[in-house]
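Now for the letters of each chain:
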Amino acid sequence: MAEKRKFDVIVIGSGPAGGIVARKCAEAGLSVAVVERNGWGGVCPLRGCEPKKILADTAHAVVRARDMAAHGVTGDVGLDWPALMRFKHSSIDPISDAVFRSFERRGAATFHGAARFTGPDTLEVEGHGSIGADHIVVAAGAVPRRLDVPGEELLLTSDDFLDLDPLPESLIFIGGGFISFEFAGVAAAAGARATILHRSGRVLKGFDESLSRKLVLAMEAQDVAVHTDLPVRAVERHGDGVLVRCADADGGERTFVASAVVEGAGRVPDLDGLALDRAGVQAGPHGIEVDANLRSISNLRVFAAGDCAATGLPLTPVAALQADAVVRTLTGKGPATADLTGTGSVVFTHPPLSAVGRLEEQAREQGFEFDIFKGDAAGWAEHERLGLSHAGYRVLVERGTDRILGAHYLGQHAEEIANIFGLAIRHNLTRADLLAHPWAYPSFGYTVRYMLG
């Protein structure tokens, strides 16, 4: 039997969270091993944010040109899907090799294969045998959520959508979250018939409800059909396409047919197969249960960061902040925590929708008294000149303190507006502070002032 190799730190996963932990711990002089069973680099650069943004940015350019037809933009603007796929691959395909070399340069040992715990501080890695460490960091990311309905094997995942070539003539996206909204917008811009089916009456949970309804109108104007209160019951073959059976509110059934159907119901922590029970690591539906320092509450030798930790939003910037906190602890600068105050979320549709801080219902449940600054923003000059007909905002300001509790925006550069209000929330700035210093954000000063009355 081969002798077990021992390290200071083993990292499971090489994405934004795992990659940061591995590289920084190795730079600090610790002996590090990185285990990856899929492509080096993880979900975000290979099967998530980066390829998604390549597709979305191109689609937005097409829709924006169409929106400005009344402003003098001429020509039939379209999207060459095969050319877009070639560009996507030219940008994404080199990433895995670059990430792998980044570990090698820092002296980290690399193991390609599936890992599973065999004890509280040991792993068995497929094709490599047993390895152990003083600390193990689980940063395995997330995988598409499965619907668990008959015929589910006929469905494409969000990963599959990013590699579709050619693009089907029609697509159904199951789920009313940001994945379905973003991908449906891309598909429609490329000429496909796109339909979103959502099980309840509220789409985009986690974003302001009234602004989400405005976004639905914007999507419908881009020829994306959005249907709510239709939980999926089964999926079947239908000629060369796929049929989806849904239960309607009256107890009956509605069916939809498309060339392909995509599961867009979100993602779940990628923990299956790790045998966490053999390490005494407690986990739930949202990931590994951790304390404020991202250490397993049931095995102090194990940490979790990123999408597989049951804390924070499943976002790349959150994963990076959590990874930095884990590094500080492991390198003797901790114990450290990740301050996620003011973290924003964005749906990269056209227009984009952002949320930062509390939703209105959350603020009420938490007992805050506040005023809401709200309005329609479609008539603002920056939206009129772009041909955007759906835009709006809602800002929650606490009575008595004037602090920003939450800010929600549908419109051009929503991601940048979220950053401004996120900093305000993080540093307890008030409405008066933001109104007094528009020079601090010159490109968006008027937008912030309009939002705050």
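The rules we used
Residues numbered from 1 in each chain as written. Predicted model: local features only at pLDDT ≥ 70, side-chain atom pairs only at ≥ 80, totals over all residues. Heavy atoms only, no water. Helix = DSSP H or I, 4+ residues; strand = E, 2+ residues; numbered from the N terminus. Rg over C-alpha atoms; globule rule 2.2 N^0.38 Å. Buried < 20%, exposed > 50% of the residue type's maximum accessible area, 1.4 Å probe, protein only. Areas by Shrake-Rupley, 256 points an atom, 1.4 Å probe, with all protein chains shown as cover. Lys, Arg positive; Asp, Glu negative; His and termini not counted. Charge placed at Lys NZ, Arg CZ, Asp CG, Glu CD. Phe/Tyr/Trp six-rings, centres within 6.5 Å; stacked < 30°, edge-to-face > 60°. Core = buried A, V, L, I, M, F, W, Y, C linked by side-chain atoms within 4.5 Å. 1 Å grid on protein atoms, 1.4 Å probe; cavity = no way out; pocket = protein on both sides within 12 Å on 5 of 7 lines; lining within 4 Å. Points joined across faces, edges and corners; volume = space filled by probe spheres on them. Nonpolar A, V, L, I, M, F, W, Y, C, P; charged D, E, K, R; others polar. Axes fitted to C-alpha atoms, helices over the stretch in contact; angles between N-to-C directions. Parallel < 35°, antiparallel > 145°, perpendicular 65-115°, else oblique. Left-handed = near helix turned anticlockwise from the far one by under 90°. Contact = heavy atoms within 4.5 Å. Pairing = 2+ DSSP bridges. Polar contact = N/O pair within 3.5 Å; in protein donor to acceptor, adjacent residues only side chain to side chain. Expected span 1.5 Å × (residues − 1). Arc of directions from axis to C-beta.

Novice: Can you break down the overall build of the protein residue by residue, with the values?
Specialist: When helices and strands are counted, the protein shows 14 helices and 23 strands. Here the protein has a C-alpha radius of gyration of 23 Å; the compact-globule value for 453 residues is 22 Å, and the two agree. Based on the C-alpha atoms only, the size of the protein along its principal axes is roughly 70 × 65 × 45 Å. By residue count, 50% of the 453 residues in the protein fall in the buried class. By element, 49% of the accessible surface of the protein is carried by carbon and sulfur atoms, the whole surface being about 20300 Å². Within the protein, the 57 negative side-chain charges are centred at a point lying 4 Å from the centre of the 45 positive side-chain charges.

Novice: Please give an account of the packing of aromatic side chains that cites residues and values.
Specialist: According to the stated counting rule, one finds 10 aromatic pairs in the structure shown. The rings of Trp 380, Tyr 393, Tyr 409, Tyr 446 and Tyr 450 are connected pair by pair, giving a single aromatic cluster.

Novice: Describe the nonpolar core, naming the residues involved and giving the relevant values.
Specialist: Judged by nonpolar contacts, the single largest core of 98 residues is most densely connected at Phe 161, Leu 171, Phe 173 and Phe 181. When residues in this core are grouped by element, the largest group, eight residues, is from helix H7 (residues 178–189). In this structure, Val 397, Ile 425, Leu 434 and Met 451 belong to the second largest nonpolar core, which totals 22 residues.

Novice: Any chance you could break down empty space enclosed by the protein for me, citing the residues and the numbers?
Specialist: Evaluation of the coordinates by the stated rule reveals one cavity of 30 Å³ or more. Its boundaries defined by the atoms lining it, the largest cavity holds a volume of some 50 Å³. Looking at the largest cavity, the residues that line it are Ala 59, His 60, Val 63, Glu 182, Gly 185, Val 186, Gln 222, Phe 348, Thr 349 and His 350. Of the residues contributing to the lining of the largest cavity, the split by class is four nonpolar, five polar and one charged.

Novice: Tell me about the packing of helix H1 (residues 16–27) against helix H5 (residues 95–105), and name the residues and values.
Specialist: Two numbers describe how H1 lies on H5: the axes approach to 9 Å, and their chain directions differ by 25°. If you check the angle between H1 and H5, you find them roughly parallel. Seen from above, H1 lies across H5 with left-handed handedness. Residue-level contacts link Gly 19, Ala 22 and Arg 23 of H1 to Val 99, Ser 102 and Phe 103 of H5. Of the residues belonging to the contact of H1 with H5, the class tally is three nonpolar, two polar and one charged.

Novice: Tell me about the sheet that holds strand S13 (residues 253–258), residues and numbers included.
Specialist: In spatial order, the strands read S11-S12-S13; together these three strands make up an open sheet with antiparallel pairing. On the outer flanks of this sheet lie strand S11 (232–238) and S13, each paired with one strand and no other. Averaged over all pairs of adjacent strands, the angle between their axes in this sheet comes to 20°, without regard to strand direction. Relative to strand S12 (residues 241–247), S11 runs antiparallel, the two being bridged by six bridges. The residue bridging His 238 from the neighbouring strand is Gly 241, located in S12.

Novice: Talk me through the side chain of Gln 322; I want residue IDs and the actual numbers.
Specialist: Here Gln 322 is to be found in helix H9 (residues 316–330). A distance of 2.7 Å separates a polar side-chain atom of Gln 322 from the backbone nitrogen of Gly 306.

Novice: Which residues make up helix H4 (residues 81–92), and what are the values?
Specialist: Here H4 contains 12 residues, and its C-alpha end-to-end distance of 16 Å stays within 8% of the 16 Å for a straight helix at 1.5 Å per residue. Within H4 the residues assigned to the buried category are Trp 81, Leu 84, Met 85, Lys 88 and Ile 92. Seen from one end, H4 has its buried residues packed into an arc of 100°, which puts them on one side. Looking at the packing, one finds that the buried side of H4 touches helix H2 (43–47), helix H3 (49–67), H5, helix H6 (158–161) and H7.

Novice: I'd like a description of helix H12 (residues 414–426), backed by residues and values.
Specialist: Relative to the 18 Å expected for 13 residues at 1.5 Å per residue, H12 spans 18 Å between its end C-alpha atoms, a close match to the ideal helical length. Regarding H12, the residues found buried are Ala 414, Ile 417, Ala 418, Ile 420, Phe 421, Gly 422, Ala 424 and Ile 425. In this structure, the buried residues of H12 make contact with strand S20 (353–357), strand S22 (392–398), strand S23 (404–410), helix H13 (431–436) and helix H14 (445–451). Directly after H12, the chain includes Asn 428, whose backbone phi takes a positive value near 55°.

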